[in-house]
Amino acid sequence: MTSQTTAASPAHSRVPSREQIRRAPKVLLHDHLDGGLRPGTIVDLAREQGYENLPESDADKLGTWFREAADSGSLERYLETFAHTCAVMQTKEALKRVAAECAEDLAEDGVVYAEIRYAPEQHLEQGLTLEEVVEAVNDGFREGERRAKENGHRIRVGALLTAMRHAARALEIAELANRYRDLGVVGFDIAGAEAGHPPTRHLDAFEYLKRENNHFTIHAGEAFGLPSIWQALQWCGADRLGHGVRIIDDIKVAADGSVQLGRLASYVRDKRIPLEMCPSSNLQTGAAASYADHPIGLLRKLHFRATVNTDNRLMSGTSMSREFEHLVDAFGYTLDDLQWFSVNAMKSAFIPFDERLAMINDVIKPGYAELKAEWLFRQTASTSGSVAE
Ligand SMILES: O=c1[nH]cnc2c1ncn2[C@@H]1O[C@H](CO)[C@@H](O)[C@H]1O
Ligand SMILES: [Zn+2]
């Protein structure tokens, strides 16, 4: 009699299923509030507010429109699509709804910790003050956390206040971020078209935040290369880099596979500067040619502090799980790799160290351990099944 046991391999060495990826605890550091609305919500809000310029009135078609319009290969064109989302985010009720749904959607997708950014200065068209904008969004996040909990999910959301790099309100927004520190806002960012708008134009804001011992990240090295990353780090003092993909331009891989890092790439790796990488967004704006060609593959191998992010879930039709799926398909990542990205992200969050550590030890690692242990129990079940046959 031959008994054949299925040699199930430990899950940490296997390609995870879609369902495992969704259940895996995920951490999101780079996601724009005005880039993550549900298409149906945009349609509702436009109707309620009498906004008539939406390119489509059907939610599905509108979702497709955003993805296609954002798929031009140019960051500037990509950013034009935000006119429609910002247009319907001008009242307290709308901001609160969008923020609550954001937290709910992320929790549903298995995100346990998220830092969501938006530019308060873009939500003043109907008379709200900067403070009212921040408070409405915070109310929404708290509401979304509550609803997620009711649905059996756990998520914690912090806000990052963004200043637009072409505008001149960075210091004012930095002061706002500082005022709402410990009140739901965990840091500051600058975003917008990169070429022609160097971060050094906003040095006063960064110097202010440093004096206040506050945290900030800067979109850099997305549409523009190494000088932008260098300025963000060495002139502005950014804690993290939004995207930072072009750091790859300072890394040489020889034909024999040996790797040489330039001074800036070495600095980024040595100082453990977190890279908020957003693969799908980068494909749409032309910062990478395909998932398989995305610099994250090499950066992960070289142990840069790489993290995986969504950037704009609406414009990219994505989620944290989808981003992980793309990387699993392109690079054969296992649960160990996904855990590595998630721990990296949690280490790089802007909340206090003890809270980050507790999130890693009490939520992220146990979550992955549970997924990795499943194969043991599945094997027991199939053995008893074969005996009965
Ligand atoms: O990938 C990006 N690069 C630069 N700016 C961006 C990106 N995604 C969104 N925004 C900009 O950030 C603002 C606040 O959320 C958005 O309105 C958009 O203009
Ligand atoms: Zn971004």
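All figures in this text were calculated on a predicted structure; none of them were measured in a lab. (Residues numbered from 1 in each chain as written. Chains lettered and ligands numbered in written order. Predicted model: local features only at pLDDT ≥ 70, side-chain atom pairs only at ≥ 80, totals over all residues. Heavy atoms only, no water.)

**A look at the site of ligand 1**
- Among the 16 residues in the neighbourhood of ligand 1, the closest are listed as His 32, Asp 34, Gln 122, Glu 222 and Asp 311.
- One nitrogen or oxygen atom from the side chain of Gln 122 is found 2.9 Å from an oxygen atom belonging to ligand 1.
- Glu 222 places a side-chain nitrogen or oxygen 2.8 Å from a nitrogen atom of ligand 1.
- Notes on ligand 1: free accessible area 420 Å², of which the protein chains cover 98%.
- Its residues assigned to classes, the shell around ligand 1 shows 7 nonpolar, 6 polar and 3 charged.
- Counting only domains with at least three residues in the shell around ligand 1, you end up with domain 1 (18-37 + 98-369) and domain 2 (42-88). (Near = heavy atom within 4 Å. Polar contact = N/O pair within 3.5 Å; in protein donor to acceptor, adjacent residues only side chain to side chain. Areas by Shrake-Rupley, 256 points an atom, 1.4 Å probe, with all protein chains shown as cover. Nonpolar A, V, L, I, M, F, W, Y, C, P; charged D, E, K, R; others polar. Domains from an automatic or database assignment.)

**Concerning the coordination of the zinc ion (ligand 2)**
- Those donors, His 30 (NE2), His 32 (NE2), His 219 (NE2) and Asp 311 (OD), are the protein atoms that reach the zinc ion (ligand 2), and they lie 2.1 to 2.2 Å from it.
- Going along the chain, you hit the donors of the zinc ion (ligand 2) in the pattern H-x1-H-x186-H-x91-D. Of the two residues, His 30 is situated in strand β1 (residues 26-32) and His 219 in strand β5 (residues 216-220); the sequence distance between them amounts to 189 residues. As far as the burial class goes, His 30 and His 219 line up, both buried. (Donors = N, O, S within 2.8 Å, 3.2 Å for Na, K, Ca; no water. Helix = DSSP H or I, 4+ residues; strand = E, 2+ residues; numbered from the N terminus. Buried < 20%, exposed > 50% of the residue type's maximum accessible area, 1.4 Å probe, protein only.)

**Focus on the sheet that holds strand β6 (residues 240-243)**
- Strand order in the open sheet formed by 8 strands is β1-β2-β3-β4-β5-β6-β9-β10, and the pairing between neighbours is parallel. Strands with a single pairing partner mark the edges of an open sheet, and in this sheet they are β1 and β10 (306-308). When the angles between neighbouring strand axes are averaged without regard to direction, this sheet yields 25°.
- Here helix α16 (residues 335-347) sits on the sheet in contact with β1, β2 (111-118) and β10, set at roughly 105° to β10. (Pairing = 2+ DSSP bridges. Axes fitted to C-alpha atoms, helices over the stretch in contact; angles between N-to-C directions. Contact = heavy atoms within 4.5 Å.)

**Remarks on the UniProt feature "binding site: substrate" (unreviewed entry) in the protein**
- Residues annotated by UniProt as "binding site: substrate" (unreviewed entry) correspond here to His 32, Asp 34 and Gly 192. In sequence the annotated residues extend across 161 residues, while in space they remain close, none of their C-alpha pairs exceeding 12.7 Å.
- Residue placement: His 32 occurs in strand β1.
- In contact with His 32, other than residues within four places in its own chain, are Ile 116, Arg 117, Ala 191, His 219, Asp 311 and Asn 312. (UniProt positions renumbered as here; feature names shortened; annotations may be inferred.)

**Looking at unusual backbone geometry**
- Backbone geometry at His 303 places phi at a positive 60°, although glycine is not the residue there.
- Relative to the helices and strands, His 303 resides in the loop between α13 (296-301) and β10.
- For Asp 311, which is not glycine, the phi dihedral falls at a positive 65°.
- Mapped onto the secondary structure, Asp 311 falls in the loop between β10 and α14 (313-316).

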